[in-house]
Amino acid sequence: MLRNYIKTALRNLVNSKFYSLLNLLGLTLGLASTLFIVLYVVEELRYDRFHTDADRIYRVRMDRYDRGSKTFESAVTFPAVGPAMERDFPEVAGYTRMLPYARGVYAYETPKGELRTFQQEQAVFADSNFFQFFSYPLLQGDPATVLQGPNKVVISETMAQLYFGEENPIGKLLTFRGEEVLEVTGVMADPQASHLIFTIAVSMATLEGFEEFETLWGWYDFYTYIKLRPATDPQTLEARFSDFINRYKGEDLQEVGWQEVFLLQPLTSIHLYSHLSWEAGVNGDGNTVYFLLLVSGLIIAIAWINFVNLTTARAMKRAREVGVRKVVGASRIQLIRQFMLESLLLNVTALALTMVFVQACLPLFNRWLQFELTTRWLFSPWGLTGLFCALGFGTIASGLYPAFRLSAFRPVRVLKGALPSAHRAFSFRQVLVVFQFTASIILIVGTLVVIQQLHFMKAQNLGIDLTQTLVVRAPSVINQETRTDRLEVFRQRVTQIPTVRSLAATSNLPGEENFAISSVRSAHEPEVYRDVYNVSVDHHFMEDFEITFLAGRNFSADYPSDTSAVILNETALKLLQFESAEAAIGEKILLNQDREETIIGVIKSYHQASLREELDPVRFILAPQYTGFYALKISATQPQQTLADLERVWQTLYPGNPMDYFFLDEHFAQQYKADEQFKDIFLLFAGLAILIACLGLFGLASYTVEQSTKEIGIRKVLGASTSSIVTLLSRDFVRLIVMALVLALPSGYFIFEQWLQNFAYRMEIPWWLFPIVGLLALLIALLTISFQSVKAALANPVSSLRSE
């Protein structure tokens, strides 16, 4: 029996090659699109899940309020928090901390005297139990001892190869910033799928004053993680944090009018749902992930709808087959099995083609979107289960309604020539076609909104000139006492290079998150502390970056007192409640160390971060000795020659420091990398959704033309024009597209207006976008339909009538 079912199914599929290929192509594209998105979603969801007891690990985060108003949400907190929580709460089984301040120059001298020196940005200090607490795999070394004691370091596999080549790195010595000598005690696999990405971990005990960390409640740059005992409710524990904070900081907080709140973040939620100040790295976006998952569901639904529509549309063709089979004894359940088997065969073939397609195209997909997706998950137990479930659900979803519809025909009526009316089936197909194009039009709206928002952000005036700016990271191997003098010599020499116009020094640049923050008071409101960000600059920073002054003046070498002066941005001015920029000039601000500074200038706020973020209050001080970046304004000509000339000057003045450089505009644009990826993904899969919907529309149009061959021939003989026939054949489909537009355009507006709320600076969705989308949808539909309609209208009517 099964063999007969299969033979009959194959015969029917072969006899309807055109429609079978349309179904197969639509299902393959739908499954492939869904699979690509699922691979991306799985990759995002697996972050930090490889750690033992990941479900019991939490990061302690901190919010601060100033008289009831939240001033920041911080991913970092005080070094004393972890030890105090372990001591005060029996529910806390342990803690570990990480400090992201070990960046700098690391050097290794080979036995042959060769010095291998590299600037390392992803270097951290970590507690001695860090590799016991977390499960980063160690290729060499004991997790319990690798960071035990001062001057120990664990390096990644890539760093081991970079510094030591084929040598065994264990026991070798690295020089850190030209001062500390660190012993390599462990080698770890390169961290992956973790919100903490680092290549070097230095023992926390290396830091000066490490012994005081357990009682230090003022320096909050530490990432603190705690592990809860089994069956502990984190919310119940959080409820006791208020008393905990008051016990250790109550008096200090009361004095300045602040409130600090500690909260627990599940480790496995940080990558997708944490976007706090001072994150350890760039996190993903959970909303984006699940939105793309929804898109994948829409795409595969459109593909399955194609199958349902084309199968039910061709019900007339198979009515007599059903009638004959029922007359010779076939039961309805047997017919349902037959039609379900056809659905299964198509879905199995589509799934097989999808697997081949995904394997072949995944490298291109990764290269285009700069992902590192693999198909490894697909062949895991979970992946295989998912594939079989998708196959089963797809077979049922696409085959069940046509199977019941076709098997319900009455054999006597069918064999007498009274073919079943297609009106009800067509009405249901109308609903499905409207759904397909509603989903597709919403995706078109989304694509245009995403493109426009990205263009809006990139076209905004940042308030600072980033063009033609080459940034060199300041040397870390240098005598601090001569740092400023050496900078002036470097400035004089590089500005003699014809293509270098100027050099400015700063501690922070747009595109770099600012970790430096101070609590300040204005003299007219001395009891109220406000948090502002600090940027140390030299005399040239404001002028070189073309920053606009609203009042006052720049720092100047003609004023020695400028070392105790300050320039505020407009946001800080408002925070400190000065009446105007002019009124603030000459006023004093007080730091929390009771140091006074005189306001000499107020500048227009510029964008430090992407336009997703609000403008921060910033305090600029004249302190070139604390700057970490040298920004050179260069001409666009001969960039390679400019770099070579700079390298020569650099090595002369800063031997032992590699020249680590980047172009500032490209560096700033990296903040939009995730948004660019989202745009490209959205554009790709929206296009595929529209293509799949058009395949179904093309099939329905083809079948409509096929069924109307005799009518078209008679109309032609009676004098009907080609345009009237095309209009006749297209009219019903155009009506469905218009209905889809009526549903999709307001829905698309609402959905993507909500998406835009994620941006501090966002565009208004322009009115003209909706007519464009409407015309585009109608044009796509008409082009799809007209191919078959025009072909039928141009056919010889004699041939059409003879074929009937």
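Only a predicted model underlies this, so the values are computations on that prediction, with no experimental measurement involved.

What counts and what doesn't
- Residues numbered from 1 in each chain as written.
- Predicted model: local features only at pLDDT ≥ 70, side-chain atom pairs only at ≥ 80, totals over all residues.
- Heavy atoms only, no water.
- Helix = DSSP H or I, 4+ residues; strand = E, 2+ residues; numbered from the N terminus.
- Buried < 20%, exposed > 50% of the residue type's maximum accessible area, 1.4 Å probe, protein only.
- Contact = heavy atoms within 4.5 Å.
- Areas by Shrake-Rupley, 256 points an atom, 1.4 Å probe, with all protein chains shown as cover.
- Salt bridge = Lys/Arg side-chain N within 4 Å of Asp/Glu carboxyl O.
- Pairing = 2+ DSSP bridges.
- pLDDT = per-residue confidence, 0-100.
- Core = buried A, V, L, I, M, F, W, Y, C linked by side-chain atoms within 4.5 Å.
- Phe/Tyr/Trp six-rings, centres within 6.5 Å; stacked < 30°, edge-to-face > 60°.
- Lys NZ or Arg CZ within 6 Å of the ring centre and 35° of its normal.
- Patch = residues over 30% accessible without salt bridge, like charges linked within 9 Å, V, L, I, M, F, W, Y side chains within 5 Å.
- Lys, Arg positive; Asp, Glu negative; His and termini not counted.
- Charge placed at Lys NZ, Arg CZ, Asp CG, Glu CD.
- Polar contact = N/O pair within 3.5 Å; in protein donor to acceptor, adjacent residues only side chain to side chain.

Student: It is not clear to me how the overall build of the chain should be interpreted in this structure. Could you clarify?
Tutor: Helix and strand counts for the chain come out as 25 helices and 24 strands. Across the 804 residues in the chain, those meeting the buried criterion constitute 52%. Partitioning the contacts of the chain with sequence separation of at least 6, the portion at a separation of at least 24 is 80%. In the structure as shown, the chain presents an accessible area of about 36500 Å², 57% of it carried by carbon and sulfur atoms.

Student: Just checking my understanding: could you explain the pattern of salt bridges for this structure?
Tutor: Two side chains that carry opposite charge are able to pair once their charged atoms sit near each other. Following the criterion strictly, the structure yields 33 salt bridges and no others. As a salt-bridge pair, Arg97 and Asp127 come within 2.8 Å of each other at their nearest N and O atoms. One end of the pair, Arg97, is in strand 3 (residues 92–99); the other, Asp127, is in the loop between strand 6 (123–126) and helix 4 (130–133), and 30 residues separate them in sequence. For the pair formed by Arg97 and Asp127, the shared burial category is buried. A salt bridge links Asp680 to Lys679; the nearest nitrogen and oxygen atoms lie 3.7 Å apart.

Student: Just checking my understanding: could you explain the pairing of strand 4 (residues 104–109) for this structure?
Tutor: On a regular strand, each side chain points to the face opposite its neighbour's, so the side chains alternate between the two faces of the sheet. Of all the six residues making up strand 4, five are buried; the element is thus mostly covered by neighbouring parts of the structure. Counting the residues in the hairpin turn of strand 4 and strand 5 (residues 115–120) gives five residues, including Gly113, whose phi is positive at 90°. Here two bridges tie strand 4 to strand 9 (residues 173–176), and the two strands are oriented antiparallel to one another. Of the residues in strand 9, the one forming a bridge with Tyr106 is Phe176.

Student: Would you explain the confidence of the model for the chain in this entry?
Tutor: The predicted coordinates of low-pLDDT regions are not to be read in fine detail. For the chain, the average pLDDT comes to 85, and 88% of its residues sit at 70 or higher. Here residues 422–426 is modelled with pLDDT under 50, and outside its nearest four sequence neighbours on either side it reaches three contacts, counting other chains as well.

Student: I'm lost on the nonpolar core in this one. Help?
Tutor: Soluble globular proteins tend to bury their nonpolar side chains together. Ranked by size, the top nonpolar core spans 166 residues in total, and within it Met85, Phe130, Phe131, Phe262, Phe541 and Phe620 carry the most contacts. Sorting elements by how many residues they give to this core places helix 21 (residues 673–707) first, with 16 residues. Discounting residues that sit within four places of it in the chain, Phe130 has contacts with Thr96, Arg97, Met98, Tyr136, Leu147, Leu196 and Phe198. Ala102, Met159, Leu182 and Ile200 belong to the second largest nonpolar core, which has 23 residues in total.

Student: Looking at this structure, I do not really get the pairing of strand 5. What am I missing?
Tutor: Where strand 4 lies against strand 5, six bridges are found, and the strand directions are antiparallel. For Gly104, the partnering residue across the bridge sits in strand 5 and is Gln120.

Student: Help me out: how do you make sense of the packing of aromatic side chains in this one?
Tutor: Ring pairs (aromatic) are described by centroid distance and by the angle formed between their planes. This model, assessed by the stated rule, comprises 58 aromatic pairs. Seen in terms of ring centroids, Phe130 and Phe131 are 5.4 Å apart; in terms of plane orientation they differ by 80°. Their pairing is edge-to-face. With respect to burial, Phe130 and Phe131 carry one shared label: buried. Between Trp217 and Tyr248, the aromatic rings sit 4.9 Å apart at their centres with planes inclined by 20°, giving stacked as the arrangement. One end of the pair, Trp217, is in the loop between strand 11 (200–203) and strand 12 (223–228); the other, Tyr248, is in helix 7 (residues 241–256), and 31 residues separate them in sequence. Judged by its relative accessible area of 15%, Trp217 is buried. A cation over an aromatic ring shows up here: Lys227 above the ring of Phe133, its NZ or CZ 5.3 Å from the ring centre. Over the face of the ring belonging to Tyr559 we find Arg553, whose NZ or CZ atom lies 3.8 Å from the ring centre.

Student: Got a minute to help me understand a negative patch on the surface in this structure?
Tutor: Taken together, the side chains of Glu513, Glu613, Glu614 and Asp616 present a region of like negative charge at the surface. By the secondary structure assignment, Asp616 is in the loop between strand 21 (596–603) and strand 22 (618–622).

Student: So what exactly am I meant to see when it comes to the side chain of Glu279 here?
Tutor: Here Glu279 is to be found in the loop between helix 8 (270–273) and helix 9 (286–313). Polar side-chain contacts of Glu279 include one of 2.4 Å to the side chain of Ser274. With sequence-adjacent residues up to four places away left out, Glu279 is seen in contact with Arg59, Ala75, Tyr223, Ile270, Ser274, Glu513 and Phe515.

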